[in-house]
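Each chain, letter by letter, is given below.
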Amino acid sequence: MKILVVGCKGMLGTELTDMLREAHETIGIDVDQLDITDNAKTMAFIKEIAPDMVINCAAYTNVDGCETEVLLAYRVNATGPKNLAIACNEGNIPLVHISTDYVFDGKKGTPYEEDDVTNPLSVYGKSKLAGEQNVKNHCSRHYIIRTQWLYGKNGPNFVKTMLKMFKEKKSLRVVNDQFGQPTYVKDLCRAIVDLIEQPDYGTYHVTNQGIISWFDFANDILELSGLVGVTIAPCTTEQFPRPATRPAYAPLENFHMQLIGKRATRHYKEALKEYIDEEIG
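Now for a quick tour of the structure. (Residues numbered from 1 in each chain as written. Predicted model: local features only at pLDDT ≥ 70, side-chain atom pairs only at ≥ 80, totals over all residues. Heavy atoms only, no water.)

Side note on the overall build of the protein chain
Helix and strand content of the protein chain: 10 helices and 12 strands. Taking 281 residues into account, the globule formula puts the C-alpha radius of gyration at 19 Å, and the protein chain, at 19 Å, falls close to it. Reported as C-alpha extents along the three principal axes, the dimensions of the protein chain are approximately 55 × 40 × 35 Å. Looking at the 281 residues of the protein chain, the share that counts as buried comes to 54%. Pairs at least 24 residues apart make up 81% of the contacts formed inside the protein chain by residues separated by at least 6 positions. Within the protein chain, the 37 negative side-chain charges are centred at a point lying 3 Å from the centre of the 30 positive side-chain charges. (Helix = DSSP H or I, 4+ residues; strand = E, 2+ residues; numbered from the N terminus. Rg over C-alpha atoms; globule rule 2.2 N^0.38 Å. Buried < 20%, exposed > 50% of the residue type's maximum accessible area, 1.4 Å probe, protein only. Contact = heavy atoms within 4.5 Å. Lys, Arg positive; Asp, Glu negative; His and termini not counted. Charge placed at Lys NZ, Arg CZ, Asp CG, Glu CD.)

Looking at the packing of helix α4 (residues 70-90) against helix α5 (residues 123-138)
At a closest axis distance of 8 Å, the pairing of α4 and α5 adopts a crossing angle of 15°. Judged by the angle between their axes, α4 and α5 are roughly parallel. For the element pair α4 and α5, the recorded crossing hand is right-handed. Here Val-70, Ala-73, Tyr-74, Asn-77, Ala-78, Thr-79, Pro-81, Lys-82, Ala-85, Ile-86 and Asn-89 of α4 come into contact with α5, specifically with Val-123, Tyr-124, Lys-126, Ser-127, Lys-128, Ala-130, Gly-131, Asn-134, Val-135 and His-138. Taken together, the residues of the contact of α4 with α5 break down into 11 nonpolar, seven polar and three charged. (Axes fitted to C-alpha atoms, helices over the stretch in contact; angles between N-to-C directions. Parallel < 35°, antiparallel > 145°, perpendicular 65-115°, else oblique. Left-handed = near helix turned anticlockwise from the far one by under 90°. Nonpolar A, V, L, I, M, F, W, Y, C, P; charged D, E, K, R; others polar.)

Section: the layout of surface pockets
Of the volumes computed, that of the second largest pocket is approximately 350 Å³. Lining the second largest pocket are 15 residues, with Asp-187, Ala-191, Arg-263, Ala-264 and Thr-265 sitting closest to its centre. Among the elements of the structure, α7 (185-195) and α9 (255-259) are those that each provide at least two residues to the lining of the second largest pocket. Split into classes, the residues belonging to the lining of the second largest pocket amount to four nonpolar, four polar and seven charged. (1 Å grid on protein atoms, 1.4 Å probe; cavity = no way out; pocket = protein on both sides within 12 Å on 5 of 7 lines; lining within 4 Å. Points joined across faces, edges and corners; volume = space filled by probe spheres on them.)

Here we look at the environment of Ala-40
Residue placement: Ala-40 occurs in helix α2 (residues 39-49). The exposed category is assigned to Ala-40, whose relative accessible area is 55%. Residues Ala-40 and Ala-87, 47 residues apart in the sequence, show an inter-C-alpha distance of 9.4 Å.

As for the side chain of Asn-77
If you trace the backbone, Asn-77 turns up in helix α4. What makes Asn-77 buried here is its relative accessible area of 1%. Among the polar contacts made by the side chain of Asn-77, one reaches the main-chain amide nitrogen of Tyr-60 at a distance of 2.8 Å. Apart from residues no more than four positions distant in its own chain, Asn-77 is found in contact with Ala-59, Tyr-60, Tyr-124, Ser-127, Lys-128 and Gly-131. (Polar contact = N/O pair within 3.5 Å; in protein donor to acceptor, adjacent residues only side chain to side chain.)

Topic: α5
A rise of 1.5 Å per residue sets the reference length of α5, with its 16 residues, at 22 Å; its end C-alpha atoms lie 22 Å apart and thus fit the reference within 8%. Among all positions of α5, only Val-123, Tyr-124, Gly-125, Ser-127, Lys-128, Leu-129, Ala-130, Gly-131, Glu-132, Asn-134 and Val-135 are buried. Where α5 is buried, its residues meet α3 (63-68), α4, β4 (95-100) and β5 (142-147). (Expected span 1.5 Å × (residues − 1).)

Description of helix α10 (residues 268-280)
Across its 13 residues, α10 extends 18 Å between first and last C-alpha, which sits within 8% of the 18 Å expected from 1.5 Å per residue. Among all positions in α10, only Tyr-268, Ala-271, Leu-272, Tyr-275 and Ile-276 are buried. Summarising the axial view, the buried residues of α10 lie within an arc of 130°, below the 170-degree limit, and thus occupy one face. (Arc of directions from axis to C-beta.)

Some details on the packing of aromatic side chains
On inspection of all chains with the given rule, the structure shows 14 aromatic pairs. Between Phe-179 and Tyr-249, the aromatic rings sit 5.9 Å apart at their centres with planes inclined by 45°, giving tilted as the arrangement. A residue pair is termed long-range when its members are at least 10 positions apart, and Phe-179 in strand β8 (residues 179-180) and Tyr-249 in the loop between β12 (231-235) and α9 qualify at 70 residues. For the pair Phe-217 and Tyr-268, a centre-to-centre distance of 6.2 Å together with 85° between the ring planes defines the contact as edge-to-face. Residue Phe-217 is found in helix α8 (residues 214-225), and its partner Tyr-268 is found in helix α10; the two are separated by 51 residues along the sequence. Like Phe-217, the residue Tyr-268 is buried in the burial classification. Members of the aromatic cluster, connected to one another through ring pairs, are Trp-149, Tyr-151, Phe-158, Tyr-184, Trp-214, Phe-217, Tyr-268 and Tyr-275. (Phe/Tyr/Trp six-rings, centres within 6.5 Å; stacked < 30°, edge-to-face > 60°.)

Details of the sheet that holds strand β10 (residues 202-205)
The parallel open sheet is built from six strands, whose spatial order is β2-β1-β3-β4-β5-β10. The open sheet is flanked by β2 (25-29) and β10, the only strands paired with a single partner. In this sheet, adjacent strand axes meet at a mean angle of 20° when their direction is disregarded. Looking at chain direction, strand β3 (residues 53-56) and β4 are connected through three bridges and run parallel. From the neighbouring strand, Val-54 faces β4, where its bridge partner is Leu-95. Across the sheet, α2 lies against β1 (2-6), β2 and β3, angled at about 155° from β1, the strand it touches most. Relative to β4, α5 is tilted by about 155°, and along the sheet it contacts β4, β5 and β10. (Pairing = 2+ DSSP bridges.)

Considerations on the state of the cysteines
As enumerated under the stated definition, the model contains zero disulfides in all. Considering cysteine sulfurs only, Cys-57 is the nearest to Cys-189, which forms no disulfide, with 7.3 Å between them. (Disulfide = S-S within 2.5 Å.)

Right, here's the structure in full:
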C-alpha cells in the first residue's frame with residue numbers, strides 16, 4: 001500500500017513511519033508541508049498524492065496549553081481531522097485517526113470500552129472528541145484508535161522526564177490518584193500496522209496491559225533505571241494542581257481488538273524495561 005502519515009515528526013508519527021516503511025510505500029508529512037486545518041490545501045494534497053490509506057498522527061497534545069489556546073486546539077484536533085476525513089471520503093481512502101482516553105471523564109470506576117459514553121473534562125479532551133466525531137461523520141472507511149500515557153524515543157514524555165529528574169533531584173512528588181495504562185509507542189505502532197492489514201473499520205482501544213497510578217509508574221521507572229538515592233513521595237491531584245482537569249481513572253479496555261481476534265499487547269512493565277534499557281544504554 002501507499003500510506004500517507006500525517007504528523008510524521010511527532011513521537012508516534014516518527015516511529016510509525018519508520019515501521020510502515022518495512023512493508024509499504026510510506027510518505028511522511030508534517031505541518032511544514034501541509035496545514036491540515038486548511039481545507040482547500042488538504043483536499044488538493046490528498047488528491048495529488050492519491051494514497052491507499054491516510055494515518056493522522058497530527059495533534060495539539062499540550063493538555064494544559066489547550067486550556068488557553070482553545071481555538072488552536074480545536075483547529076488542529078477537530079478541524080484538521082474533519083478536512084482529512086472529507087478528502088479521504090471523496091477519494092474512497094481509509095483514514096486512521098489517533099485519539100485519547102481524555103474523551104472520558106474517569107468516573108466509571110472500571111476500564112472504558114470503546115462504546116462507553118464519552119464526557120471529556122478538558123479542552124484537549126473536548127477537541128479530540130470533536131475530531132473523532134468529524135472523522136465518523138465525514139469518512140465512511142475509518143479507524144479511530146484511542147491510546148493513553150504514551151512514551152517512546154522521539155519527543156517528550158513522562159518516562160524521559162522522570163529519568164532526567166532522577167539525576168537532578170533527590171526527592172520528587174508524583175500524583176497517586178490518577179490511573180491508566182502506560183503505552184510504549186513501538187507496541188502501539190505494531191498494533192496499528194497489524195490492524196490496517198484487514199478492513200475492520202471502527203473504534204479501537206490500544207494500550208499495554210496493566211493498570212497503575214502515575215506514582216507507581218514513577219517508582220517502576222526508578223527501579224528499572226537502577227538509579228539510587230532518590231525518594232518519590234505520593235501526592236494528590238489537589239496538591240499538584242494543573243490548568244486542565246485529568247480523568248482520575250480512565251484505563252482503556254482493548255475490547256474491540258479482542259473481538260476481531262487480535263493478540264493482546266504485552267504488559268507495560270515488560271515494554272518499559274525494553275525502553276529504559278534502550279534509553280540508558
